[in-house]
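Observations on the model geometry
Below are the chains, spelled out letter by letter.
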Amino acid sequence: MHRPPALPFLPGFNFDSKFDKKDFHKSQIFDKIHDGVYYLAEKPHIPEHSRYLSFHDSGEIHPKPPWLAFDGQRLMFKAYFELNARENCRSNSSIRFVTISFFLEDGTMKVSEPITGNSGLEQGLIVRRQRIAIPDPVQFRHYDVLDLNIGREVKIFGRVYKIIDCDKFTRNFLYRNGIPVPNPIQLGISDPYLEKEDILKKKPQRSLDTRGNFLKYDKKVLRFYGYWDDRDNLYGEVHNLEIHYYLADDTIEIKEILPENSGRDAGPLFLKRSKIPKTFEKIDPIGSGDPFTILNVLGDNRAKSYFLADSLNIGTNAENYYKDQDLTIGGVINVFGRKVVITDLDPFSKDYYGTKYGIDNFTRLKGPLEKCDYDNKMEKFIPPYNGYGSYEDSLGNCFSVTPKAPTVDFTKFYYRDKQGFDSQVLRFQAKMISKIPENAERHFIIRFFLMDNTVAIFELSRRNSGFMRCLFQKRMRALLPGQEVFSSKPPKYYKPNDFYIGACLTLSGFNFQLTSADSYSLSYMEQHPDEFPKANARLIMDNLRELLKPVYKEFKKDLIATLTMEGNLILEFEHFRKTLLRYLAENIIEHEIITIARQYSSRKKREFHSREYIRALVHTEINRFLWTELDRLEEDILHLDRTRTGYLSRNELYTILRGCRIPLNVELLNRMLDILVNDNGQEKIDYRDLLQFLNVKINPVNPVVPVNVKTVLWWTSEKEIDCGTEVELPAFIEDLNLEEKENPISDKYNESSIN
């Protein structure tokens, strides 16, 4: 019969596929009631973990199968069995302890014996894991939980095991199931083999275990000082010794302290690390230090003889070695026939003896020959300087055959090297002091490098002066005047505190006077007042207070006479300078006046070049070199400012401008950034203002004649020193603190103006 073709599953097209079925009988299913009993059922019993749906209520709890409920759980019982004479040929009986394990998941059992070292018995697993049947007369039944308990005897394969104890889990499990568990049985019998303590070991260990001292005293050494007087023998002398006592293993090491140029070779050690016996008669033979003695049992025939360890240690003498309690100040130890006297010990050894033995007297003993008796150091003769190279170079050739380069102070080099805009170089403008009129009009730039205290001089030539604009003296250390050049004594050089405005220096035979300094030098010296006392404002004010105290009233009247009222009482710098020089004369120098003026300056330094003039110079250079990378510059700036704050630091902008190869001189570039910082009034620069400043298409300026930027914009072209244009007189008078009574300056100014 052919199956009808499948119809689409749509209403009106499907019908019962069993319309032609004639047999409607039910299938017979065998279901299991318990082990060995089955019955016919109409439908199969569906277990809990079935892939079919459950027909029971959701709240009904069904028991888990044993293999899942008791997975990994077992009952542990401690038992013993006794070997009879037939099983143990060495004795009439022997007790063997075992562990019986009953696995709850499937009712299997396992019997094992704990392994005992050097027992000579085959131990371990006795009965592997399996279901064990109960012996006759019980048939068709295996051991179960009810058959195992303390005090019961279990017969497994003809051997009887008596249970004497169980673990905590087993006891709790049996209690929960309503099975009482007796107390553990105290075994009154024992294994006779375990009671024998005089059995000789196969490999006796006779060496002492010193691991405890090693862990406690490792790397802890007592150090003593002493001497060995050997002058009684021919060519003998006093040997100064240093004794090391190792607490980890009580060994002693001695080394000799040899004076310089003693004519003796310094050996590695006077005595290598070893134990020193208190009584010494002769050197022990080889093998005397072994932990046990080897006996030859059967003669000299190697083929038939064998060796045996002497368990009684016959003929062994117990050596008495020096310990830490034997080493004290004034004590004499016998070092293999040499008498060594201990005279002193180090601080660690003193703390050790004070803690362990309570000793507090450690008076040093004087030896027969102290170090000062033979340690006569001879002063090395240094030949005078010959004029070739530097003094340090020539000095290095006097101490070794192979010339060595002079050592460099790398620590000073690291801290005083150039770091970003911090050049660590002090620049001063100077003029030459000379009787020749032409030399008196020459001007120079003196640079002092703080990294290595070297000085370089550059001459600033003037038009039609007859002198070149060039390097006057290369970078080198400058000698102080009045020294003998070709001498054995090391020369003295100029230091940083010797350079200040108004100082007269002698460099390379020429006399110079420092007339001004750049702003970086003035700021650096004021930030390090301990190194530069001429720029220490607090020290200068203390000196002024002492010097102006007798003439304070007249000094104050002269200052008030030319005050300018502009909101605050201010004083012109030039009048302030002349007044100080008139009253103090030689007791004050130019640099100290500038430091005080900068300390009490009311305004910032006047800019000699306006913003528009600097912008005109920048546009002139950009147009002259045809630089058109402004868009690229803007991309680099925006790439660095990811958050679009609109501001970047001066260092970052300087790096970007140099990377874009903008055709501006370094002096012009720095002056442009200075103007942008001043206009902004913040630590960072608005780069949008910078881009507008560099844009030659928007708001172009009138072109200017190209100038020498290095000359026009350099600090030497400025007529005034960077010390401010005006001085705040009230702050200066208040810090001077010479007023007898409270009398404000404004009142006196008003009185003087009325008069």
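The structure we're discussing is the one just above.
First, a word on scope: everything that follows refers to the structure included in this document.

What counts as what
- All residue numbers refer to positions counted from 1 along the written sequence of the respective chain.
- It should be noted that, the model being predicted, local features are given only for residues of pLDDT at least 70 and side-chain atom pairs only at 80 or more, the latter also being counted only at that level, while totals for whole chains, interfaces and linings use all residues.
- Note: side-chain values were computed over all heavy atoms of the structure, leaving out hydrogens and water.
- A run of H or I in DSSP counts as a helix once it spans at least four residues, and a run of E counts as a strand once it spans at least two, with each numbered from the N terminus.
- Burial classes: relative accessible area under 20% of the type maximum marks a residue as buried, over 50% as exposed, and values in between as partly exposed (1.4 Å probe, protein chains only).
- Any pair of N or O atoms that falls within 3.5 Å is considered a polar contact. Within protein, one atom must be able to donate a hydrogen and the other to accept it, and sequence-neighbouring residues count only if both atoms are side-chain atoms.
- Pairs of residues are marked as contacts when any of their non-hydrogen atoms sit within 4.5 Å.
- Definition used in this section: a nonpolar core is a set of buried Ala, Val, Leu, Ile, Met, Phe, Trp, Tyr and Cys residues joined via side-chain atoms within 4.5 Å.
- Criterion used throughout: strands pair if DSSP finds at least two bridges between them.
- Between N-to-C directions, angles cover 0 to 180 degrees, with each direction set by a line fitted to C-alpha atoms, over the stretch in contact for helices.
- What counts as a salt bridge is simple: a side-chain nitrogen of Lys or Arg found within 4 Å of a carboxyl oxygen of Asp or Glu.

Observations regarding the side chain of Asn149
Inspection of the secondary structure assignment puts Asn149 in the loop between strand 6 (124–130) and strand 7 (153–156). On the basis of relative accessibility, which here comes to 7%, the residue Asn149 falls in the buried class. Side-chain polar atoms of Asn149 contact the backbone oxygen of Pro180, separated by 2.9 Å. Among residues more than four places away in sequence, those in contact with Asn149 are Phe77, Ile163, Leu174, Ile179, Pro180, Val181 and Pro182.

Notes on the nonpolar core
By size, the foremost hydrophobic cluster in this structure holds 51 residues, and its most contacted members are Ile446, Phe499, Leu507, Leu544 and Phe732. The residues contacting Ile446, other than those within four sequence positions of it, are Leu426, Arg427, Phe428, Ala430, Val455, Ala456, Ile457, Phe499, Leu507, Phe512 and Leu514. Within the second largest apolar cluster, 29 residues are counted, among which are Leu617, Trp627, Leu669 and Leu691.

Observations concerning the sheet that holds strand 15 (residues 332–335)
Strand order in this open sheet of 6 strands is 12-11-10-9-16-15, and the pairing throughout is antiparallel. Strands at the two margins of the open sheet, each flanked by one partner only, are strand 12 (271–274) and strand 15. For this sheet, the mean inter-axis angle between neighbouring strands, taken without regard to orientation, is 30°. Bridge analysis of strand 10 (residues 238–246) against strand 11 (residues 251–256) gives 6 bridges, and the strand direction is antiparallel. Residue pairing across strands places His244 opposite Glu253, the latter belonging to strand 11. Against the sheet, helix 4 (residues 347–356) engages strand 9 (221–229) and strand 16 (338–345), with an angle of about 110° to strand 9.

Things to note about the side chain of Asp346
Relative to the elements of secondary structure, Asp346 occurs in the loop between strand 16 and helix 4. A relative accessible area of 9% places Asp346 in the buried class. Of the polar contacts made by the side chain of Asp346, one reaches the side chain of Ser349; its length is 2.4 Å. Excluding residues within four positions of it along the chain, Asp346 makes contact with Arg223 and Tyr225.

As for the pattern of salt bridges
Two side chains of opposite charge can pair, provided their charged atoms sit close to one another. Scanning all chains against the criterion turns up 26 salt bridges. Close ionic contact of Glu621 with Arg624 constitutes a salt bridge, the shortest N to O distance being 2.9 Å. Taken together, the residues Glu621 and Arg624, both in helix 14 (residues 611–624) and 3 residues apart, mark about one turn of the helix. According to the relative accessible area criterion, Glu621 is buried, its value standing at 9%. One connected set of salt bridges, linked through shared partners, spans Glu105, Asp106 and Arg129.

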